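Listed below are the residues making up each chain.
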Amino acid sequence: MPLWAATRSGRTVRGAVLALLTVALAVLAHSGTEPAVPDPAVTVVGFLLTWRVGWGLAARQISRRRLIGLVVAAQGCLHLAFAMASPPGRHPGAGTGMGHIVAHHPESVPGPAGVDLLHGGPRVLGLHLLAAVCLAWWLAAGERLLWRAGRRAATATRRIVRRVRRRLAAPPRPVIDPRPTWSHFSRAGAQRLVLLRYAVARRGPPRAQAL
């Protein structure tokens, strides 16, 4: 009997929760460092890709290491996709040389075509990484509790099914009426008469035996 978490519906729900929280963290982190809202199309594509990877891993209980790697990798990919999809005018120093970007934003790391890959500096990157690890840790705790509850529910269901099968397979016990019937008295009286037929009743004192 498979657990609900390993079924198709369970994997779909778990993958959706993983993708939703991962993409939401990436959107919040990107919106906190830049005034521009991430492209909705990129957000939807990132959600679907993250959900597909999570659905594949959800065939069994996802370990903490895999969750940390998946969440951190998804954050990096989504951040890069958001930065590449943003219009050039919204990036500080976009369209100019690297020296102009570094001069105005020394903590930024420019990418191809003037895309700012590290807007906010190492401090913001460290906070984002810490948030991703905390999210993965929380998801791992939820996975552990979900699978533990599923195993307990499956064990209780098996016990109930075994008891029901035993009761259905057991033969019905005969019902014994404790009250005596007329046939019982008639059979007992007939046996008593047969025994008394050959009995001789003699009353009186016993005879003295000759010496």
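Calculation criteria
Residues numbered from 1 in each chain as written. Predicted model: local features only at pLDDT ≥ 70, side-chain atom pairs only at ≥ 80, totals over all residues. Heavy atoms only, no water. Phe/Tyr/Trp six-rings, centres within 6.5 Å; stacked < 30°, edge-to-face > 60°. Lys NZ or Arg CZ within 6 Å of the ring centre and 35° of its normal. Core = buried A, V, L, I, M, F, W, Y, C linked by side-chain atoms within 4.5 Å. Buried < 20%, exposed > 50% of the residue type's maximum accessible area, 1.4 Å probe, protein only. Helix = DSSP H or I, 4+ residues; strand = E, 2+ residues; numbered from the N terminus. Contact = heavy atoms within 4.5 Å. Axes fitted to C-alpha atoms, helices over the stretch in contact; angles between N-to-C directions. Parallel < 35°, antiparallel > 145°, perpendicular 65-115°, else oblique. Left-handed = near helix turned anticlockwise from the far one by under 90°.

**Q** What is the right way to look at the packing of aromatic side chains in this model?
**A** Two measures describe an aromatic ring pair: the distance that separates the ring centres and the angle between the ring planes. All chains considered together, the criterion is met by zero aromatic pairs. If you follow Arg11 out to its NZ or CZ, it ends over the ring of Trp55, 3.8 Å from the centre. Residue placement shows Arg64 over the ring face of Trp137; its charged tip is 4.0 Å from the ring centre.

**Q** What should I look at first to understand the nonpolar core in this one?
**A** Soluble globular proteins: nonpolar side chains tend toward being buried together. One finds Leu18, Leu25, Ile62, Leu67, Leu70, Val71, Ala132, Leu135, Ala136, Leu139 and Ala140 forming the largest nonpolar core, which totals 11 residues. Contributing elements (two or more residues each) for this core: helix H1 (8–33), helix H3 (64–85) and helix H5 (121–169). Ranked by the residues each element gives to this core, the list is headed by H5, at five residues. In this structure, Ala26, Val42, Leu78 and Phe82 belong to the second largest nonpolar core, which totals five residues.

**Q** Help me understand the side chain of His128, please; the structure alone is not making it clear to me.
**A** Note on placement: His128 falls in helix H5. Setting aside residues no more than four positions away along its own chain, His128 makes contact with Leu25, Ala26, Ala29 and Gln75.

**Q** I tried to follow the packing of H1 against H3 on my own but got confused; where do I start?
**A** Pairs of packed helices are described in terms of their axes, by the angle between the two and the distance that separates them. Direction vectors running N to C along H1 and H3 enclose 45°, while the axes themselves pass 9 Å from each other. Classed by the angle they form, the pair H1 and H3 counts as oblique. The handedness of the crossing between H1 and H3 is right-handed. Facing H1, whose interface residues are Leu18, Thr22, Val23, Leu25, Ala26, Val27 and His30, H3 presents Leu67, Leu70, Val71, Ala74, Gln75, Leu78, His79, Phe82 and Ala83.

**Q** Is there a simple way to think about the environment of Val42 in this case?
**A** With respect to the helices and strands, the residue Val42 is situated in helix H2 (residues 40–57). The exposure class of Val42 is buried, given its relative accessible area of 18%. Distance in space between the C-alpha atoms of Val42 and Leu78 is 8.1 Å, their sequence separation being 36 residues. Apart from the residues lying within four places of it in its own chain, the contact partners of Val42 are Ala81, Phe82 and Ala85.

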